[in-house]
Amino acid sequence: MDAHLYGAVDAPEAALPIRRPYVRRRAAAAGAFVALWSLSLMALSQTTTVMSMKAQAQCAADGGFIGEFCNEAQSPVLGGADVVAYRSLQQGARAVQGKPDIVAEWNSFRFWFSSVKNRDAFMQAPETYAPLLGGFCPFALTGSDAKMPQRSLSVKDLKAMGVDPDQWFIDEDGHLLVFRGPEALRLFGRDFAANMEKASQNWEALIAQPKCSGELYNTQCFRTDKGVPAVGGVDVVAFFSLEAGSKPVEGSSKYPFQLTTTDSRGNNYESTFHFASALSRATFAANPAKYLPAYGGFCAYGMAFERGPDHAEWGGAVGMDVAAPEEGWPWAADVLGPPTSVENWVIRDGKLYFAFLPEVMAEFLDDFETNSKRADERWAAWYGAGDLTGPVSVDCTSANYGPPVARTCTLQPQRINDATPAKTIAPGCLAALDDVCGAVQGANAVGVFGDCSACLSAHFATLRDSCPSTITALHASVDKAYCW
């Protein structure tokens, strides 16, 4: 067998290969302008120079194999992109994500595939399908890239050679090259033969340097998204291995994944998740429907109980002095929260749920079957059925609620399209509210209960001429939007 194979597992971290002797051979690739290595396998003894997982771990302990070379022993090459599937794509198409239970190991690195057929094809000819130059950016290796140090490159520069798996090219010999972006691909292609020769020579010199010798493949270094991450930047995959009540694991901008979700109205929603490791990122990419929080990470209790204008019993025009807690909220398909806290989480029936406060999470779980069904139906009515529908919470997390309060999503909902209002209260009413109660806006959610609502009631005589009201109080919709 040319490449190591291991089969389906319950969790990616459990996918440890059975150790077998395997082989390695270096050979120069033929071609008038491409001076590249290609690899095949032959029997090795215990003194093999190809690094086992154990050797990689020792390397990390001795000098930072992971940190310096963009390698992580448990993580798949190119974040789990199916290296065989590239051959069936049209140029410019996005990479096909592999699955953590369809895996082959070659030269001690793991490759994920989208189908058994693709995995089997790789196993027959891994040197054909594995990315050239270790899956690092070829243009960065030419010496002509202005974004790289203008000197001889070292292994420490690999961090700057990260790639976007969606920016790729198959050369005339059928080999895969992956670039950091479209500009690097375009510049490299201006003189492909000369650039390929330079990149190949520099790569050979570069990989000869490390004390931890052997083949190097890119499992960690990808483009970094500098935008606001989804659900506060926590690693949503990590929740599934945490003890109940544990603190979330912070993700890193080093391991981003951009997710596109849709709705039944034809809208697309882009959000970027951060992960704590390359393996976690790849695990999410392989099955985002499993790890995407319910209701896009918005508060599960709010989805189940807090009525919006499209509800038959909204109650937004009821006086705040008599309104029920569930009445008068602004939530609708184009107006989101409800806000949430990633500290308050639970996994039920294989799905991750968040809530703003532990008290409301407890109420949601008190009759989970009924409440989750109610929330599911509401979300589906807004965005359609399916596992990857609707927006993801980016701006509506408890971090904005202070104290002091920076932003409340009841007043300034997360913008998801052109129909989303900048504020949920009319300008004239909002100006009047700010004049007398601006110091406590949003305080109900995080301060002494009722601070803001008490202010609205105390100044009702002043506010009633500017804001919607009954004879005795401002409308519940005003109170919910301004104070919560």
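As shown above, the structure is provided for reference.
Residues numbered from 1 in each chain as written. Predicted model: local features only at pLDDT ≥ 70, side-chain atom pairs only at ≥ 80, totals over all residues. Heavy atoms only, no water.

Participant: Teacher, can you tell me more about the overall build of the protein chain here?
Facilitator: Across its full length, the protein chain holds 16 helices and 11 strands. The proportion of buried residues among the 484 residues of the protein chain is 53%. Residue pairs at least 24 apart in sequence account for 65% of intrachain contacts in the protein chain once pairs closer than 6 positions are excluded. Accessible surface for the protein chain amounts to roughly 20,900 Å². Of this, 53% is attributable to carbon and sulfur atoms. (Helix = DSSP H or I, 4+ residues; strand = E, 2+ residues; numbered from the N terminus. Buried < 20%, exposed > 50% of the residue type's maximum accessible area, 1.4 Å probe, protein only. Contact = heavy atoms within 4.5 Å. Areas by Shrake-Rupley, 256 points an atom, 1.4 Å probe, with all protein chains shown as cover.)

Participant: It is not clear to me how the pattern of salt bridges should be interpreted in this structure. Could you clarify?
Facilitator: Two side chains carrying opposite charge are able to pair once their charged atoms lie near each other. Tallying each qualifying case throughout the model produces eight salt bridges. When the shortest N-O distance is used, the salt bridge between Asp120 and Arg119 registers 3.5 Å. Under the relative-accessibility criterion, Asp120 is labelled partly exposed at 34%. When its relative accessible area of 12% is taken as the criterion, Arg119 is described as buried. Between Glu326 and Arg307 there is a salt bridge, and its shortest N-O distance comes to 3.5 Å. Here Glu326, found in the loop between helix H9 (300-305) and strand E10 (341-348), pairs with Arg307, found in the loop between H9 and E10; they are 19 residues apart in sequence, far enough to count as distant. (Salt bridge = Lys/Arg side-chain N within 4 Å of Asp/Glu carboxyl O.)

Participant: Just to check I follow, could you spell out the state of the cysteines for this structure?
Facilitator: Such a bond, covalent and formed between the sulfur atoms of two cysteines, is termed a disulfide. Across all of its chains, the model carries four disulfides by this definition. Each disulfide pairs two cysteine sulfurs, and for Cys429 the partner residue is Cys467, the sulfurs being separated by 2.0 Å. Residues Cys429 and Cys467 share a disulfide whose torsion about the S-S bond is about 105°; that sign makes it right-handed. Remark: Cys467 occurs in the loop between helix H15 (460-463) and helix H16 (476-483) and Cys429 occurs in helix H12 (residues 427-437); sequence separation between them is 38 residues. Residue Cys467 is classed as buried on the basis of its relative accessible area of 5%. (Disulfide = S-S within 2.5 Å.)

Participant: What am I meant to see in the nonpolar core here?
Facilitator: One broad trend across soluble globular proteins is that nonpolar side chains are buried collectively. Counting 44 residues, the largest nonpolar core has Leu78, Val83, Phe111, Phe122, Met161 and Trp203 as its most contacted members. Among the secondary structure elements, those contributing two or more residues to this core are strand E4 (99-106), strand E5 (109-113), helix H3 (116-124), strand E7 (176-178), helix H5 (182-189) and helix H6 (192-207). Looking at this core, the element that brings in the most residues is H6, giving six residues. By size, the runner-up hydrophobic cluster in this structure holds 30 residues, among which are Trp329, Trp331, Ala375 and Cys396. (Core = buried A, V, L, I, M, F, W, Y, C linked by side-chain atoms within 4.5 Å.)

Participant: Explanation requested: helix H11 (residues 368-383) in the structure shown.
Facilitator: If you check H11, its first and last C-alpha atoms are 22 Å apart, about what 16 residues at 1.5 Å a residue would give, namely 22 Å. Every buried residue of H11 is listed here: Phe368, Asn371, Ser372, Ala375, Arg378, Trp379, Trp382 and Tyr383. For H11, the buried positions fall inside an angular range of 125° around the axis, keeping them on one side. Those residues of H11 that are exposed and angled more than 90 degrees off the buried face are Glu369, Lys373 and Ala381. (Expected span 1.5 Å × (residues − 1). Arc of directions from axis to C-beta.)

Participant: Please explain the packing of helix H10 (residues 358-366) against H11 as it appears in this structure.
Facilitator: Helix packing for two helices is described by the angle between their axes and how far apart those axes are. One can describe the packing of H10 onto H11 by two numbers: an axis separation of 5 Å at closest approach and a directional angle of 100°. What the angle tells us is that H10 and H11 run roughly perpendicular. On H11, the residues touching Glu363, Phe364, Leu365 and Asp366 of H10 are Phe368, Asn371 and Ser372. (Axes fitted to C-alpha atoms, helices over the stretch in contact; angles between N-to-C directions. Parallel < 35°, antiparallel > 145°, perpendicular 65-115°, else oblique.)

Participant: What is the right way to look at the environment of Gln167 in this model?
Facilitator: Counting through the fold element by element, Gln167 comes out in the loop between helix H4 (126-129) and strand E6 (168-170). Each C-alpha atom, one on Gln167 and one on Gln91, is 9.0 Å from the other, the two residues being 76 residues apart in sequence.

All we've got here are geometric facts, nothing functional implied.
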